[in-house]
Amino acid sequence: MRIGELSRRTGVNEQLLRYYEKQGLLHPARTPNGYRDYAEADVTAVRRIRELLAAGLPTATIAEIGSCVRDEPLTPACDGVLERLRGERDRIDAALARLQSSRAALDTVIQRRAAT
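Residues numbered from 1 in each chain as written. Predicted model: local features only at pLDDT ≥ 70, side-chain atom pairs only at ≥ 80, totals over all residues. Heavy atoms only, no water.

Undergrad: Could you give an account of the overall build of the protein, with specific residues and numbers?
TA: Along the protein, the regular secondary structure elements total five helices and two strands. Going from N to C terminus, the protein has its helices and strands arranged as α-α-β-β-α-α-α. Its C-alpha atoms give the protein a radius of gyration of 20 Å, more than 25% over the compact-globule value 13 Å for 116 residues. Its C-alpha atoms put the protein at 70 × 35 × 20 Å along the principal axes. The proportion of buried residues among the 116 residues of the protein is 28%. A fraction of 49% describes how many contacts in the protein between residues 6 or more apart in sequence connect residues 24 or more apart. Surface accessibility of the protein: about 7,900 Å² in total, with carbon and sulfur atoms responsible for 52%. The positive charge centre, built from 19 side chains, and the negative charge centre, built from 16, are 8 Å apart in the protein. (Helix = DSSP H or I, 4+ residues; strand = E, 2+ residues; numbered from the N terminus. Rg over C-alpha atoms; globule rule 2.2 N^0.38 Å. Buried < 20%, exposed > 50% of the residue type's maximum accessible area, 1.4 Å probe, protein only. Contact = heavy atoms within 4.5 Å. Areas by Shrake-Rupley, 256 points an atom, 1.4 Å probe, with all protein chains shown as cover. Lys, Arg positive; Asp, Glu negative; His and termini not counted. Charge placed at Lys NZ, Arg CZ, Asp CG, Glu CD.)

Undergrad: Any details on the nonpolar core? Residues and values, ideally.
TA: Counting residues in each nonpolar core, the largest one holds 20 residues, and the members touching the most others are Leu6, Leu17, Tyr20, Leu26 and Tyr38. Elements with a minimum of two residues in this core: helix H1 (3-10), helix H2 (14-22), helix H3 (41-54), helix H4 (59-65) and helix H5 (81-115). Examining the composition of this core, we find that five residues originate from one element, H3, more than from any other. Those residues in contact with leucine 6 that lie beyond four places of it in its chain are Met1, Leu17, Tyr38, Asp42, Val43 and Val46. (Core = buried A, V, L, I, M, F, W, Y, C linked by side-chain atoms within 4.5 Å.)

Undergrad: Can you lay out H1 for me, pointing to particular residues and giving the numbers?
TA: Along an α-helix, residues three or four positions apart point the same way, because every turn accommodates 3.6 residues. Those residues of H1 that sit buried are Ile3, Gly4, Leu6, Ser7 and Thr10. Each buried residue of H1 lies within a common arc of 165° when the element is viewed along its axis, so the set occupies one face. In the core, the buried residues of H1 are packed alongside H2, strand E2 (36-37) and H3. (Arc of directions from axis to C-beta.)

Undergrad: Give a description of the packing of aromatic side chains that names residues and reports values.
TA: Overall, the coordinates contain one aromatic pair when judged by the stated rule. Here the aromatic rings of tyrosine 19 and tyrosine 20 are separated by 6.4 Å at their centres, their planes lie at 55°, and the arrangement is tilted. Here the basic side chain of arginine 2 rests over the ring of tyrosine 35, its NZ or CZ set 3.9 Å away from the ring centre. (Phe/Tyr/Trp six-rings, centres within 6.5 Å; stacked < 30°, edge-to-face > 60°. Lys NZ or Arg CZ within 6 Å of the ring centre and 35° of its normal.)

Okay, here's the thing in C-alpha cells:
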C-alpha cells in the first residue's frame, strides 16, 4: 500500500510516517519507481509505535526494541527488552511523582489564596 493509504488507515500524517522511517521504525519496500510500498503489517506497526510513544518511550528506544514488540499482542521476546521496558516504566513513574509533587504544591498555593 502507498503512504497515503497507510496514513488514512492509521490516522498518522504522511510526514510523520516518513519520520518514522527515517528513525528506523518502519521499513517499507520500494517500488521500481521509488514509491514506498507498505505491508499490511505496517498498519499494526504504526499503531504500536503510537502506543509506545504515548507511553512516553522515545523513538530511539522504540527503534531498539521494535523487532521485539511488533507482534500482536505485545510479546517482547528479545534479551534485555523487558529490562529496558522496566527502566522506561521507572523513568515514567519518577516523572509522574515529580508532577504529582508539583500539583500538590500548586494546590497548596491555590487553597491558601482562595482562603484569603
